[in-house]
Amino acid sequence: KRINLSPFEVEKLIIDQYEILQSIAHKYDEKVTHIKPHGALNNMACENLELSITLAKTIYGIDKDIIYLVPTGSKMEVAAKKLNMKIACEIFADRNYEDDGSLVSRSKPNALITDPNIAKKHVLSMVENQSLNCLSGKKIPCEIDSVCIHGDNKSSLETAKSIKQNLIDNNLTLRALNKMKKFI
């Protein structure tokens, strides 16, 4: 749920979570390579430039080489570009978009795409065309580096497998974010 936090509280939240995850990664000789705000914080930052700037400055302060995963076309992308951060732009495989590029509210019909076959076509079209597919049929040009698949519906695993195979079958190369050409 949405909770309004001060910039200091947001900064502390991000740094604390990063440090916890980084200590776990370190135990396995790994390193956190990217950060993605999640859920309500992500949704709020997509709409609020001030919050987006707080997030971007905090993440950039943690590690200027960390990849910041942002929804394509969002205020988060705008804020990250102002700081010249390494960003990976993300689309949502199992969500529909409004004509302004925002996600259709989950309170509305057709917000979710639960059929794996529809999701795989939705993603392939967006990736090949580098544009968002809006529910109305409108296409919004954008940069796409990553695909998010929510795990909160029964078909999530099947959707993920179907999308992956469809992208491979269409000669698209899948890479970890930190192995993408733009970050090497």
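Please refer to the structure higher up on the page.
Please read these numbers as outputs of a predicted model, since none were measured by experiment. (Residues numbered from 1 in each chain as written. Predicted model: local features only at pLDDT ≥ 70, side-chain atom pairs only at ≥ 80, totals over all residues. Heavy atoms only, no water.)

### Section: the overall build of the protein chain
Here's step 1: The helix and strand tally for the protein chain stands at six helices and six strands.
Here's step 2: In the protein chain, the succession of α and β elements from N to C terminus is α-β-α-α-β-α-β-α-β-β-β-α.
Here's step 3: The C-alpha radius of gyration computed for the protein chain amounts to 17 Å, which stays within 12% of the reference 16 Å derived for 184 residues, consistent with globular compactness.
Here's step 4: Split into buried and exposed, the 184 residues of the protein chain put 41% on the buried side.
Here's step 5: Sequence-distant contacts in the protein chain: of pairs separated by 6 or more residues, those separated by 24 or more amount to 58%.
Here's step 6: Total accessible area on the protein chain stands at roughly 10900 Å², and carbon and sulfur atoms take up 53% of it.
Here's step 7: Separation of charge centres in the protein chain, based on 26 positive and 23 negative side chains, amounts to 2 Å. (Helix = DSSP H or I, 4+ residues; strand = E, 2+ residues; numbered from the N terminus. Rg over C-alpha atoms; globule rule 2.2 N^0.38 Å. Buried < 20%, exposed > 50% of the residue type's maximum accessible area, 1.4 Å probe, protein only. Contact = heavy atoms within 4.5 Å. Areas by Shrake-Rupley, 256 points an atom, 1.4 Å probe, with all protein chains shown as cover. Lys, Arg positive; Asp, Glu negative; His and termini not counted. Charge placed at Lys NZ, Arg CZ, Asp CG, Glu CD.)

### What about the nonpolar core?
Here's step 1: Among the nonpolar cores identified, the biggest contains 22 residues, and Leu51, Leu55, Ile59, Tyr68, Met85 and Ile87 are the most heavily contacted of them.
Here's step 2: Elements that contribute at least two residues to this core include exactly helix H1 (7-27), helix H2 (39-47), helix H3 (49-62), strand E2 (67-71), helix H4 (75-82) and strand E3 (86-92).
Here's step 3: Those residues in contact with Met85 that sit more than four places away from it in its chain are Ala56, Ile59, Tyr60, Tyr68 and Ala80.
Here's step 4: Within the second largest apolar cluster, 17 residues are counted, among which are Phe92, Ile113, Ala119 and Ile163. (Core = buried A, V, L, I, M, F, W, Y, C linked by side-chain atoms within 4.5 Å.)

### What about the pairing of E2?
Here's step 1: Burial of E2 is extensive: five of the five residues sit out of reach of the surface.
Here's step 2: A two-sided burial pattern is seen for E2, the buried positions comprising Ile67, Leu69 and Pro71 on one face and Tyr68 and Val70 on the other.
Here's step 3: Two strands pair when backbone bridges link them, and strand E1 (residues 34-35) and E2 are joined in this way by two bridges, in the parallel orientation. If you follow His34 over to E2, its bridge partner there is Ile67.
Here's step 4: Handedness of the E2-H4-E3 crossover: right-handed. (Pairing = 2+ DSSP bridges. Right-handed = clockwise from strand over helix to strand, strands pointing away.)

### Remarks on the pattern of salt bridges
Here's step 1: Going through the model one piece at a time under the given rule, you end up with 11 salt bridges.
Here's step 2: Between Asp63 and Lys31 there is a salt bridge; the shortest N-O distance is 3.2 Å. Within this pair, whereas Asp63 is found in the loop between H3 and E2, its partner Lys31 is found in the loop between H1 and E1, the two being separated by 32 residues in sequence.
Here's step 3: Among the ionic pairs, Glu77 bridges to Lys81, the shortest N-O distance being 2.9 Å. Here Glu77 and its partner Lys81 are both found in helix H4, four residues apart, which amounts to about one turn of the helix.
Here's step 4: On the basis of relative accessible area, Lys81 is assigned to the partly exposed category, the value being 47%.
Here's step 5: A network of salt bridges, in which partner residues are shared, links Lys64, Asp65 and Lys86. (Salt bridge = Lys/Arg side-chain N within 4 Å of Asp/Glu carboxyl O.)

### Things to note about the pairing of E3
Here's step 1: Counting buried positions over the seven residues of E3 gives six, a clear majority of the element.
Here's step 2: Pairing geometry for E3 and strand E6 (residues 146-148), over three bridges, is parallel. The residue bridging Phe92 from the neighbouring strand is Cys148, located in E6.

### Details of the layout of surface pockets
Here's step 1: Here the largest pocket is characterised by a volume of approximately 710 Å³.
Here's step 2: Residue lining of the largest pocket: 35 residues in total, with Asn42, Asn43, Cys46, Phe92 and Leu103 positioned closest to the centre.
Here's step 3: In terms of residues, the lining of the largest pocket owes the most to one element, H2, which gives six residues.
Here's step 4: Counted by class, the lining of the largest pocket contains 14 nonpolar, 12 polar and nine charged residues.
Here's step 5: In terms of lining, the second largest pocket is formed by 19 residues, of which the most central are Asp145, Ser146, Thr173, Leu174 and Arg175.
Here's step 6: Breaking the lining of the second largest pocket down by element, the ones donating at least two residues are E6 and helix H6 (156-169). (1 Å grid on protein atoms, 1.4 Å probe; cavity = no way out; pocket = protein on both sides within 12 Å on 5 of 7 lines; lining within 4 Å. Points joined across faces, edges and corners; volume = space filled by probe spheres on them. Nonpolar A, V, L, I, M, F, W, Y, C, P; charged D, E, K, R; others polar.)

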